[in-house]
Amino acid sequence: QVQLVESGGGLVQTGGSLRVSCVASGRTFSSYTMTWFRQAPGKEREFVAGITWSGGDTSYIDPVKGRFTISRDNAKKTVYLQMNSLQAEDTAVYYCAAALYLSGDLRNPKRFPSWGQGTQVTVSS
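Residues numbered from 1 in each chain as written. Predicted model: local features only at pLDDT ≥ 70, side-chain atom pairs only at ≥ 80, totals over all residues. Heavy atoms only, no water.

Caption draft 1: Examining the pairing of strand 11 (residues 119-124) more closely. Here strand 11 shows one buried face, formed by T119, V121 and V123, and one open face, formed by Q120, T122 and S124. Two strands pair when backbone bridges link them, and strand 9 (residues 92-100) and strand 11 are joined in this way by three bridges, in the antiparallel orientation. Counted as the bridge partner of Y94 is T119 from strand 11. (Buried < 20%, exposed > 50% of the residue type's maximum accessible area, 1.4 Å probe, protein only. Helix = DSSP H or I, 4+ residues; strand = E, 2+ residues; numbered from the N terminus. Pairing = 2+ DSSP bridges.)

Shown next as structure tokens:
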């Protein structure tokens, strides 16, 4: 399995921007579908955005469409989540997750065997 380390979280005001990153170990990063999930206090972990291994196709949950952008740099073995127009509801721990050659439904966390430790994003008004 690939090892994942997130960074870039922090405190930002409503309407601000933040970019979180996830660096992977191993030599086959380009073969992994990468996703971002988040978990707010008292809530279940939810899918936020994903990018496939094959063609870089992306998907998002509706509340973040138009505000968040997921991207990957295979040479740097890194996946990013650019978050703009942040709102209080975006406050959560953000987790990076990976699965080898995964396609189809990316919203089920059980399909991802590799997870990072998470990075806290707090949006204040």
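Caption draft 2: Inspection of the environment of K77 at higher detail. When you line up the elements, K77 lands in the loop between strand 7 (68-73) and strand 8 (78-83). Judged by its relative accessible area of 26%, K77 falls in the partly exposed class. Taking C-alpha positions, K77 is 7.6 Å from S30, a pair spaced 47 residues apart along the chain. Excluding residues within four positions of it along the chain, K77 makes contact with C22, V23, A24, G26, R27 and F29. (Contact = heavy atoms within 4.5 Å.)

Caption draft 3: Here's a closer look at the sheet that holds strand 3 (residues 18-24). Within the open sheet, the four strands sit side by side as 1-3-8-7. Their pairing is antiparallel. The open sheet has two free edges, formed respectively by strand 1 (4-7) and strand 7, since each of these has just one partner strand. The sheet shows a mean angle of 15 degrees between the axes of neighbouring strands, direction not considered. The pairing of strand 1 with strand 3 spans four bridges and is antiparallel. Across the sheet, the residue bridging to S7 is S21, located in strand 3. (Axes fitted to C-alpha atoms, helices over the stretch in contact; angles between N-to-C directions.)

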